[in-house]
Each structure stands twice: as C-alpha cells, then as structure tokens.
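Here are the chains, one letter per residue:
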Amino acid sequence: MAKRKRLSPMSMGAVGSPTQDVRGPRAPIADVAAQTALQAAFDEVSHELSLARTSGRMILSLPLESVDPQHLVRDRLTEDDEDMIALRDSVRARGQQMPIEVLDLGDGKYGLISGWRRLKALQALQKETSDPQFSVVQALVRQPDTAGDAYKAMVEENEIRANLSYYERARIAAKAAEQGAFPTARHAVRDLFASASRAKRSKINSFLVLYTAFDDALRFPAAITERQGLALVRRLSEETDAAPKIAAQLQKSPANTAEEEQDALSQLIASVQGPAQISRAPVPPTPPQKAVTVEARPGYMLLTGAGVDAALIRKIETLVSKHK
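None of the values given here were measured: they were computed from a predicted structure. (Residues numbered from 1 in each chain as written. Predicted model: local features only at pLDDT ≥ 70, side-chain atom pairs only at ≥ 80, totals over all residues. Heavy atoms only, no water.)

A. Summary view of the overall build of the protein chain. From N to C terminus, the protein chain includes 11 helices and 7 strands. For the protein chain, with 324 residues in total, the buried portion stands at 30%. In the protein chain, the proportion of contacts linking residues at least 24 apart, taken out of those at least 6 apart, comes to 67%. In the structure as shown, the protein chain presents an accessible area of about 21,900 Å², 54% of it carried by carbon and sulfur atoms. (Helix = DSSP H or I, 4+ residues; strand = E, 2+ residues; numbered from the N terminus. Buried < 20%, exposed > 50% of the residue type's maximum accessible area, 1.4 Å probe, protein only. Contact = heavy atoms within 4.5 Å. Areas by Shrake-Rupley, 256 points an atom, 1.4 Å probe, with all protein chains shown as cover.)

Here it is as structure tokens:
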C-alpha cells in the first residue's frame, strides 16, 4: 500500500524561505480598492476637521499679530489694574487656560469677538519677556451669520465674566447700531440683552439718553452709578434745556478722576433742578360741624338736631353746675 504524503500550507525552499504564493500575483483591482478606501477615509477626516474648525470646536494656535482686537467696538471702557495683573500672573504661571473667540477675515487675519482681556495679557507678557510661548493665542474660530450675532457673542461672554456698568451696556448697544448691526439702539438693547430682565433692559435704555447727551463730555462715564444715572435721566426729562447746560459745564471744567466727575454731576443736577422745595404735609379739611337748633324761652331751652349727643349734654351739665 502506498504511503500518504502529508501536505503543509506551503512548501519550504532549501534555505527555509517560503516559495511563491500558490494563489498567484495580487490582482490590481485589490490595490485600487484599498487606495480608494484610504482616500475616502482621508477625505472624511479632512471634512470633519474642517467642520470642527468652522463650527468653533477646534482650538487653533494663532500668531498674536494676526488677531485684530478692534474688529468690533469693545463694550468695556475701562480695565481694572488689579484684575489685569492677576490675569497676567495666571497666564505667566499656567498658560492660557481659556481660548478667545475670533472671526476668520481671510488671508490669515482674524477679528476678535471675545477674549479681549486674555489677548491683552498675552500681548503684555510677550512684550515683557519675548518668550515664544506668549507670541501665540489659543482661539476658536466662529462664523456668525451677521454682525449682530458677533456683538451678541461678545456681550454674552462679558455679561457672564465682567461687571459692566449700565453706561457701558448702553454704549455698546448704541455703537452696534451705529455700525449697522441693528436698526436702532433700542433694537440692539432688546437683542443683545435678551436674557436680561425687563427692568434691566429699561435701565439700559435710560442710560442710552446719557450716552446720546454726554458721551463727548464725560471722561469717566463707566463710573456713573445706577442711582445717579437714573436721577440724571429724570432731570433731563423734566428740563428740556438741561442736557446742553450740563454738557457745557462738564467740558468747561473736565474732571481728573471719576470721583471728581461724579461730584460735578451731582452738583450740576442740583443746580439745574433749582432750589429745593419744602415739602409740607397736607392740612386735613375741617370736618363739618353738626347742626344744633336752639329754642329758648324764659326758664326753658330746647336743643334739637344731629349735634345733640352725649358729649354736648355733658358740657351743658358742667356749665350749669358752675352757675348754681
């Protein structure tokens, strides 16, 4: 009987290397399919990366000089020195922790939407240290549909992170309208501060009056308190010629500090208002006297009418007793 030969998966050559694949050469169609699948995967990844970038889900490292901080009119008029020092120290020690938001302007240029303080801190550190780590800023690229949407994004962040004054809120609404982002300043207040209460929006609209009347005359408008601002608005509503008088005085004697300007405003409000009127409590009307009819004869007197009551009788009895 012939012995059966055991077959292995492949025959080994004399030096131990596998012999030619019994399946034959790889078909060209397989290579084409593999390349097509690889290209499709690459295109999908590229599309997702592009979508993440344009939708603001990808953080980019941008050169500081590529970001224009004045692309939008800023809502903040002043910066707190202590807060800025604290922010710079934080960025120096830990780096930038929160990305800014920018608008792609094309040609490698970007317009700042939000993150003005972070950008300023990086600029100050780069100037101070020349350290390359401070020459770039981490940013999210946004693509707002309208200029109004860009202003909304800026205002929304600062409403959360910054304690803006009513004057600053009114001013950014007016500036956004002046830039054509909204039909009017009041439309801007309604849309920019849509999440605010009706009372808060009403106060911002009141401060629009101050912005219109005094923006060129005030040096420290952000320092105007809510109470002082509303009092000034009431005064302007009562005196039609008060605004030019106050503005002229402010420009004639410009203040050197916010405190000086606030004192000057208080004095101007009082002077325009005129001497204080003494408030007197109204005098209550004299109650009508109750009628009493008297019929008198020698040795006889008859009292009749609504005024004849127990109190009157006691008075008469007291008088009679004294003449006994």
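Having seen it, we continue.
B. Summary view of the packing of aromatic side chains. Evaluation of the coordinates by the stated rule reveals 2 aromatic pairs. One residue, R169, lies across the ring of Y166, its end atom 5.3 Å from the ring centre. (Phe/Tyr/Trp six-rings, centres within 6.5 Å; stacked < 30°, edge-to-face > 60°. Lys NZ or Arg CZ within 6 Å of the ring centre and 35° of its normal.)

C. A look at the confidence of the model for the protein chain. On average, the protein chain scores 79 in pLDDT, and the residues at 70 or more come to 73%. Segment residues 9–18 is flagged for pLDDT under 50; beyond a separation of four residues in sequence, or across chains, it makes 7 contacts in the model. Scored below 50 in pLDDT, residues 274–281 shows 0 contacts in the model against residues more than four places distant or in partner chains. (pLDDT = per-residue confidence, 0-100.)

D. Just the pairing of strand 1 (residues 59–63), in detail. Along strand 1, the buried face is formed by L60 and L62; none of I59, S61 and P63, which line the opposite face, is buried. Pairing between strand 1 and strand 5 (residues 136–142): 5 bridges, direction antiparallel. Residue pairing in the sheet places I59 in a bridge with L140 of strand 5. (Pairing = 2+ DSSP bridges.)

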